[in-house]
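# Working through the structure, step by step
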Amino acid sequence: MNKASDVLTLNNNYKIPCLGFGTWQTPDGSTAVNAVKKALESGYRHVDAAAIYGNEVSVGRGIAESGLDRADLFVTSKVWNKERGYETTLLAFEESLSDLQLDYLDLYLIHWPASASRFSDWENINLETWRAMTELYKEGRIRAIGVSNFLSHHLDPLMQTEVQPMVNQIEFHPGQMQEETVQYCKLNSILVEAWSPLGTGKMLSNLFLAGIARKYQKSVAQLCIRWCLQNDTLPLPKSVTPSRIEENAEVFDFTISEKDMAAINGMQYFGGSGLHPDRIDF
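First, a word on scope: everything that follows refers to the structure included in this document.

The rules behind each value
- Residues numbered from 1 in each chain as written.
- Predicted model: local features only at pLDDT ≥ 70, side-chain atom pairs only at ≥ 80, totals over all residues.
- Heavy atoms only, no water.
- Helix = DSSP H or I, 4+ residues; strand = E, 2+ residues; numbered from the N terminus.
- Rg over C-alpha atoms; globule rule 2.2 N^0.38 Å.
- Buried < 20%, exposed > 50% of the residue type's maximum accessible area, 1.4 Å probe, protein only.
- Areas by Shrake-Rupley, 256 points an atom, 1.4 Å probe, with all protein chains shown as cover.
- Lys, Arg positive; Asp, Glu negative; His and termini not counted.
- Charge placed at Lys NZ, Arg CZ, Asp CG, Glu CD.
- Core = buried A, V, L, I, M, F, W, Y, C linked by side-chain atoms within 4.5 Å.
- Contact = heavy atoms within 4.5 Å.
- Axes fitted to C-alpha atoms, helices over the stretch in contact; angles between N-to-C directions.
- Parallel < 35°, antiparallel > 145°, perpendicular 65-115°, else oblique.
- Nonpolar A, V, L, I, M, F, W, Y, C, P; charged D, E, K, R; others polar.
- Pairing = 2+ DSSP bridges.
- Right-handed = clockwise from strand over helix to strand, strands pointing away.
- Polar contact = N/O pair within 3.5 Å; in protein donor to acceptor, adjacent residues only side chain to side chain.
- Disulfide = S-S within 2.5 Å.

### Quick notes on the overall build of the chain
- Check the secondary structure of the chain and you find 10 helices and 10 strands.
- On C-alpha atoms alone, the chain measures out to a radius of gyration of 18 Å, which is about the 19 Å that the 2.2 N^0.38 rule sets for 282 residues.
- Here the chain, with 282 residues, has 56% of them falling under the buried criterion.
- Split by element, the accessible area of the chain, about 12100 Å² in all, is 48% carbon and sulfur.
- Here the chain holds 25 positive side-chain charges and 35 negative ones, and the gap between their average locations is 6 Å.

Written as structure tokens, this is what we have:
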């Protein structure tokens, strides 16, 4: 990989740019519009959005105002928890597509799994959501489908369906590697995307990471993003600061040594969101 627009290949042979631009917590309005435009100017070709972020209209404006060819872009959205189920997923998809001002999505994800802690029929809820997404995929309105925050026991039922997940987007950063889930995905040819690769900023003040970053004359943010890539995950950094948006894409001119990778991989848990797919109450 030499640049943000270089691609990986999903298990259905669809291409996905190896670095994504996250839009979670990005304020709606001009902030989101300008952040997306700056990211696309800086070489990103992959934008990660979601209905619950409340900014898809602005994200869509940023994409439109970039002037880039739609075929050169990869855009993701996600169905929110209250819209899980067959009919409601179909409606949620149409709303996101309209807000983003697009004719199709490159990737659509189930944002969080329904779990046994809240639903006795959790498997069926996830399967009905997946059935709607599979229909949209077969119609060509979505080019790839997947999930977010799914653990192996959430994924198992979907692996028995006609179309298996292509992506699982999970919290992944130094101090939170989710080895069991990552290994399950690798064994089943599911690409792991890393949300919060900077631990919502908590990585940036870590002295251990700062010491390693200095060796490469890079920022801690760049180190964490590169670390994700070298762990065969697809990082989704976010920022609204133009200089940091640029900086976060400048991670293809250095390689973290095996020794330093092992040291970072061995870090104890820290900086996590605390959100567990089987214990969330939203």
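Next comes the rest of the description.
### Re the nonpolar core
- Ranked by size, the top nonpolar core spans 82 residues in total, and within it Leu105, Tyr108, Phe172, Leu209, Leu223 and Trp227 carry the most contacts.
- Considering each element in turn, this core owes the most residues, eight residues, to helix 8 (residues 220-230).
- In contact with Trp227, not counting residues within four places along its chain, are Phe172, His173, Pro174, Met177, Ile256, Met261, Ile264 and Asn265.

### As for the packing of helix 2 (residues 56-66) against helix 3 (residues 86-100)
- Two elements in contact, helix 2 and helix 3, have axes whose closest approach is 7 Å; the angle formed by their N-to-C orientations is 45°. Comparing their axes, helix 3 and helix 2 come out oblique. Each of Glu56, Val57, Val59 and Gly60 in helix 2 lies in contact with helix 3, whose residues at this interface are Ser96, Asp99 and Leu100.
- Residue classes in the contact of helix 2 with helix 3 are distributed as three nonpolar, two polar and two charged.

### Description of the pairing of strand 8 (residues 167-171)
- Of all five residues that make up strand 8, five are buried, and the element is covered over most of its length.
- Pairing analysis gives two bridges linking strand 7 (residues 145-148) to strand 8, with the strands arranged parallel. Bridge pairing in strand 8 places Ser148 opposite Gln169.
- With helix 5 (residues 152-158) bridging strand 7 and the parallel strand 8, this β-α-β connection has right-handed handedness.
- As judged from the five bridges shared by strand 8 and strand 9 (residues 191-195), these two strands associate in the parallel manner. The residue bridging Gln169 from the neighbouring strand is Glu193, located in strand 9.

### Some details on unusual backbone geometry
- One non-glycine residue, Gln101, adopts positive backbone phi at about 60°.
- With respect to the helices and strands, the residue Gln101 is situated in the loop between helix 3 and strand 6 (107-110).
- The phi angle at Gln217 is positive, at roughly 55°, despite the residue not being glycine.
- If you trace the backbone, Gln217 turns up in the loop between helix 7 (207-215) and helix 8.

### Observations regarding the environment of Asp48
- Here Asp48 is to be found in strand 4 (residues 46-48).
- C-alpha of Asp48 to C-alpha of Thr76: the two residues are 28 residues apart in sequence and 4.9 Å apart in space.
- Polar contacts involving the side chain of Asp48 include one to the side chain of Gln169, which spans 3.0 Å.

### A word on the side chain of Asp106
- Tracing the sequence through the fold places Asp106 in the loop between helix 3 and strand 6.
- A distance of 2.6 Å separates polar atoms of two side chains, one belonging to Asp106 and the other to Tyr14.
- If we ignore the near neighbours within four places in the chain, the residues touching Asp106 are Tyr14, Arg70, Leu73, Phe74, Val75, Ile142, Arg143 and Ala144.

### So, the sheet that holds strand 4
- Reading across from one edge, 3-4-5-6-7-8-9-10 is the order of the eight strands in this open sheet, with parallel pairing throughout. The open sheet has two free edges, formed respectively by strand 3 (21-22) and strand 10 (234-236), since each of these has just one partner strand.
- Where strand 4 lies against strand 5 (residues 74-79), three bridges are found, and the strand directions are parallel. Each residue of the ladder has a partner; that of Asp48, found in strand 5, is Thr76.
- This element, helix 3, spans strand 5 and strand 6 of the sheet and lies at about 140° to strand 5.

### Regarding the state of the cysteines
- Enumeration according to the criterion identifies zero disulfides in this entry.
- Note on Cys185: no disulfide assigned, nearest cysteine sulfur contributed by Cys228 at a separation of 14 Å.
- Free cysteine Cys224: the closest other cysteine sulfur is in Cys228, separated by 7.1 Å.
- Since its relative accessible area comes to 1%, Cys224 is described here as buried.

### A short note on helix 8
- When you tally the buried positions in helix 8, you get 10 out of 11 residues, the bulk of the element.
- Listing the buried residues of helix 8 in full gives Val220, Ala221, Gln222, Leu223, Cys224, Ile225, Arg226, Trp227, Cys228 and Leu229.
- Among the structural elements, strand 9, helix 7, strand 10, helix 9 (242-248) and helix 10 (258-265) are those in contact with the buried residues of helix 8.
- Downstream of helix 8 by one or two residues, Asp232 has phi in the positive range, about 60°.

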